[in-house]
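Residue strings, one per chain:
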Protein chains: 2
Amino acid sequence: MPSIELKKISTRAPKDFDKNETKEKLDKILLELDDLQNLLYAESKHAVLVVIQGMDASGKDGTIRNVFGKLNPQGVLVHSFKAPTAEELSHDFLWRVHANAPAKGMIQIFNRSHYEDILITRVHKWCDDKTARKRMGAINDFEELLTAHNNTKILKFYLHVSPEEQQARLQERIKDPKKQWKYNENDFKEAALWDDYMNMYEDCFEICSKQPWTIVPADQNWYKEYIVATTLRDTLKSLDMQYPGLKR
Amino acid sequence: MPSIELKKISTRAPKDFDKNETKEKLDKILLELDDLQNLLYAESKHAVLVVIQGMDASGKDGTIRNVFGKLNPQGVLVHSFKAPTAEELSHDFLWRVHANAPAKGMIQIFNRSHYEDILITRVHKWCDDKTARKRMGAINDFEELLTAHNNTKILKFYLHVSPEEQQARLQERIKDPKKQWKYNENDFKEAALWDDYMNMYEDCFEICSKQPWTIVPADQNWYKEYIVATTLRDTLKSLDMQYPGLKR
């Protein structure tokens, strides 16, 4: 039995969170983040890697736009991982990931990530359990490399939506002319594999846990964005950064 | 006490090796290698990484020219690692190495390598022992990643010259107009640190030994090239490769 059971974790904000109040707080946190990111860039001693995972329609793109989109784009890079190309497949699965690891001073966002190599691949049995275990070991080593040898802070977010909310959002993509470009009939086939995905996520939270995951209740975008921004803000604050003085 | 003591290992061919006979054998091995490399490329199931390390003037460039230069250049890539650039330094020390890891079907030669990060850096105390240990752990993990997740065979060669032979070759670079371009007065300063380098090499043979090192007696180029070519030939033969059939 995994120590995290997603079914038992709420996908919604706690009752005492007020939407408008939280949005006001978020605006303040985004201003703080703007300063902190500037400091991160100026000091260039730490790197930050933000991994965003979640089911289809869990709000990954929206998080990137509404949280990271507020920061100075010169210090923030986004990389979306799609199905690997032929060239990428001719290398180990972390090759394309390492190439996109953040330089010191930078915040790198991964929209999906190396975790897909132990999620979608396992659900569809493209990768057996033994290979998945080896991959998880390699992922732990790789995250340790970035952490120990390039001062990288790794923040991993799982955007936790309910299957009901996901269905509502997928239906919305069919109806809303501004969202139709996102519609992919395959998403419904993947959604049908919900329980398998949850099992694989739980396994990966268990085994790849040295760099911690944040399970973000994601049925309400305002709460999801608040949690992601707060976690990033608290992490950057903990780095105890200083503006470099004049170079003499 | 390390298990390999370089002082106790000969830098010359065993007495029963005849120069002309060995050169004839080498020519035959190079023909075999040409076939094997073609098969490696056609099958594209394995990758080969050849790491070449050694003191200045130990014959790294000559090995690359006289052994790997005989193979089809479409399937062989050479990367020379120099002092890291500002961009490279803003990443972990294996970032630039991973970017140059071989794709399946390819032979990648590293002229110097990630091992410099625990050799020259330790000799000059740019890197303390604790950091060096962490780096060696990261190197072992990285070599395991390439091996386990991309079918990479890693061959590591240490070109073992005597300090006397090195001095003779460095002096030759001053006298021979065709070799003067290679002369660097810094080489003599590094040569003076011989014993420190040997200690650091011995430590790295001990700790980074899962993918094995070949200590190549390198005072005579003909023997050095024969050993490198033979090791590569034997490795490629052990892969049990097959030409792919017609795709239907």
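Structure: above.
Criteria and cut-off values
- Residues numbered from 1 in each chain as written.
- Chains lettered and ligands numbered in written order.
- Predicted model: local features only at pLDDT ≥ 70, side-chain atom pairs only at ≥ 80, totals over all residues.
- Heavy atoms only, no water.
- Helix = DSSP H or I, 4+ residues; strand = E, 2+ residues; numbered from the N terminus.
- Rg over C-alpha atoms; globule rule 2.2 N^0.38 Å.
- Buried < 20%, exposed > 50% of the residue type's maximum accessible area, 1.4 Å probe, protein only.
- Contact = heavy atoms within 4.5 Å.
- Areas by Shrake-Rupley, 256 points an atom, 1.4 Å probe, with all protein chains shown as cover.
- Lys, Arg positive; Asp, Glu negative; His and termini not counted.
- Charge placed at Lys NZ, Arg CZ, Asp CG, Glu CD.
- Pairing = 2+ DSSP bridges.
- Axes fitted to C-alpha atoms, helices over the stretch in contact; angles between N-to-C directions.
- Least-squares fit on C-alpha atoms with pLDDT ≥ 70 in both.
- Patch = residues over 30% accessible without salt bridge, like charges linked within 9 Å, V, L, I, M, F, W, Y side chains within 5 Å.
- Salt bridge = Lys/Arg side-chain N within 4 Å of Asp/Glu carboxyl O.
- 1 Å grid on protein atoms, 1.4 Å probe; cavity = no way out; pocket = protein on both sides within 12 Å on 5 of 7 lines; lining within 4 Å.
- Points joined across faces, edges and corners; volume = space filled by probe spheres on them.
- Nonpolar A, V, L, I, M, F, W, Y, C, P; charged D, E, K, R; others polar.
- Expected span 1.5 Å × (residues − 1).
- Polar contact = N/O pair within 3.5 Å; in protein donor to acceptor, adjacent residues only side chain to side chain.
- Phe/Tyr/Trp six-rings, centres within 6.5 Å; stacked < 30°, edge-to-face > 60°.
- Lys NZ or Arg CZ within 6 Å of the ring centre and 35° of its normal.
- Buried area = accessible area lost by both parts, 1.4 Å probe.

## With respect to the overall build of chain A
Okay, step 1: Of regular secondary structure, chain A possesses 10 helices and 5 strands.
Okay, step 2: The C-alpha radius of gyration of chain A comes to 18 Å, within 12% of the 18 Å expected for a compact globule of 248 residues.
Okay, step 3: Each principal axis of the C-alpha atoms in chain A carries an extent, and together these give about 60 × 45 × 35 Å.
Okay, step 4: Counting all 248 residues of chain A, 52% fall into the buried class.
Okay, step 5: Within chain A, residue pairs in contact and separated by at least 24 positions form 82% of the contacts whose partners lie at least 6 positions apart.
Okay, step 6: On chain A, roughly 12,600 Å² of surface is accessible, and the fraction owed to carbon and sulfur atoms is 50%.
Okay, step 7: A distance of 2 Å separates the average location of the 37 positive side-chain charges in chain A from that of its 38 negative side-chain charges.

## Notes on the sheet that holds strand 4 (residues 152-160) of chain A
Residues and elements named next belong to chain A.
Okay, step 1: Here 5 strands make up an open sheet; going across it, the order is 2-3-1-4-5 and the pairing parallel. Both outer strands of the open sheet, strand 2 (76-80) and strand 5 (213-217), are each paired with one neighbouring strand and no more. Pairs of neighbouring strands in the sheet enclose a mean axial angle of 20°, with direction left out of account.
Okay, step 2: Inspection of the sheet shows strand 2 paired to strand 3 (residues 107-111) by 5 bridges, in the parallel sense. Of the residues in strand 3, the one forming a bridge with Val78 is Ile109.
Okay, step 3: Contacts from helix 6 (residues 129-150) reach strand 1 (47-54) and strand 4, with the element oriented near 140° to strand 4.

## Description of the relation of the copies chain B and chain A
Okay, step 1: After a rotation of 180° and a shift along the axis of 0.0 Å, chain B superposes on chain A with an RMSD of 0.0 Å. Between the two chains, the operation in question is that of a two-fold axis.
Okay, step 2: When the interface residues of chain B are mapped onto chain A, 100% of them again fall at the interface, so both copies present the same face.

## Focus: a negative patch on the surface
Residue and element names in this part refer to chain A.
Okay, step 1: On the surface, Asp18, Glu21, Glu24 and Asp27 cluster together into a patch of negative charge.
Okay, step 2: Topologically, Asp18 is positioned in the segment before helix 1 (19-43).
Okay, step 3: Owing to a relative accessible area of 38%, Asp18 belongs among the partly exposed residues under this scheme.

## Considerations on empty space enclosed by the protein
Okay, step 1: Evaluated as defined, the whole model comprises 2 cavities of 30 Å³ or more.
Okay, step 2: Volume-wise, the largest cavity comes out at about 110 Å³.
Okay, step 3: In this structure, the largest cavity is lined by Leu94, His98, Ala138, Asp141, Phe142 and Leu145 of chain A together with Leu94, His98, Ala138, Asp141, Phe142 and Leu145 of chain B.
Okay, step 4: Among the secondary structure elements, those contributing two or more residues to the lining of the largest cavity are helix 6 of chain A together with helix 6 (129-150) of chain B.
Okay, step 5: A class-by-class count of the residues in the lining of the largest cavity yields 8 nonpolar, 2 polar and 2 charged.
Okay, step 6: One number sums up the size of the second largest cavity: a volume of about 30 Å³.
Okay, step 7: Every residue along the wall of the second largest cavity is listed here: Asn140, Glu143, Glu144, Lys210 and Gln211 of chain B.
Okay, step 8: Split into classes, the residues belonging to the lining of the second largest cavity amount to no nonpolar, 2 polar and 3 charged.

## Details of the pairing of strand 1 of chain A
Okay, step 1: Of all 8 residues that make up strand 1 of chain A, 8 are buried, and the element is covered over most of its length.
Okay, step 2: Across the two faces of strand 1 of chain A the burial is the same, with Ala47, Leu49, Val51 and Gln53 of chain A and Val48, Val50, Ile52 and Gly54 of chain A all buried.

## Considering helix 1 of chain A
Residue and element names in this part refer to chain A.
Okay, step 1: With 25 residues, helix 1 ought to run about 36 Å at 1.5 Å a step, and its terminal C-alpha atoms sit 35 Å apart, in line with that.
Okay, step 2: Among the residues of helix 1, the N-terminal cap falls to Asp18, whose side-chain oxygen and the backbone nitrogen of Asn20 are separated by 3.2 Å.
Okay, step 3: Downstream of helix 1 by one or two residues, Ser44 has phi in the positive range, about 50°.

## Here we look at the packing of aromatic side chains
Okay, step 1: One pass over the structure, following the stated rule, counts 22 aromatic pairs over all chains.
Okay, step 2: Note on Phe17 of chain B and Tyr223 of chain B: the rings are 5.1 Å apart at their centroids and 75° apart in plane angle, and the pair reads as edge-to-face. Highlighted residues: Phe17 of chain B in the segment before helix 1 (19-43) and Tyr223 of chain B in helix 10 (residues 221-238), separated in sequence by 206 residues.
Okay, step 3: Between the aromatic rings of Tyr201 of chain B and Phe205 of chain B, the centroid separation amounts to 5.8 Å while the plane-to-plane angle is 35°, which identifies the pairing as tilted. Of this pair, Tyr201 of chain B and Phe205 of chain B both sit in helix 9 (residues 194-207), 4 residues apart, which is roughly one turn of the helix.
Okay, step 4: Residue classification places Phe205 of chain B among the buried positions, given a relative accessible area of 4%.
Okay, step 5: Clustering of aromatic rings is evident, with ring pairs tying together Tyr115, Tyr158, Tyr201, Phe205 and Trp213 of chain A.
Okay, step 6: The lysine or arginine in question, Arg135 of chain A, covers the ring of Phe93 of chain A, its NZ or CZ lying 5.4 Å from the ring centre.

## Remarks on the interface of chain B and chain A
Okay, step 1: Counting residues at the interface gives 22 residues for chain B and 22 residues for chain A.
Okay, step 2: Roughly 1,800 Å² of surface becomes buried between chain B and chain A when both sides are summed, with 56% attributable to carbon and sulfur atoms.
Okay, step 3: Ranking the residues of chain B by area buried against chain A places Asp92, His98 and His149 of chain B at the top, with a combined share of 31%.
Okay, step 4: For the pair chain B and chain A, the interface holds 0 salt bridges.
Okay, step 5: For the interface between chain B and chain A, the tally reads 14 residue pairs in polar contact (both at pLDDT 80 or more).
Okay, step 6: At the level of secondary structure, the elements contributing two or more residues to the side of chain B that touches chain A comprise helix 4 (95-99) and helix 6 of chain B.
Okay, step 7: Here the element with the most residues in the side of chain B that touches chain A is helix 6 of chain B; it accounts for 9 residues.
Okay, step 8: Class assignment for the residues of the side of chain B that touches chain A results in 12 nonpolar, 5 polar and 5 charged.

Don't take any of this as a statement about function, it's just geometry.
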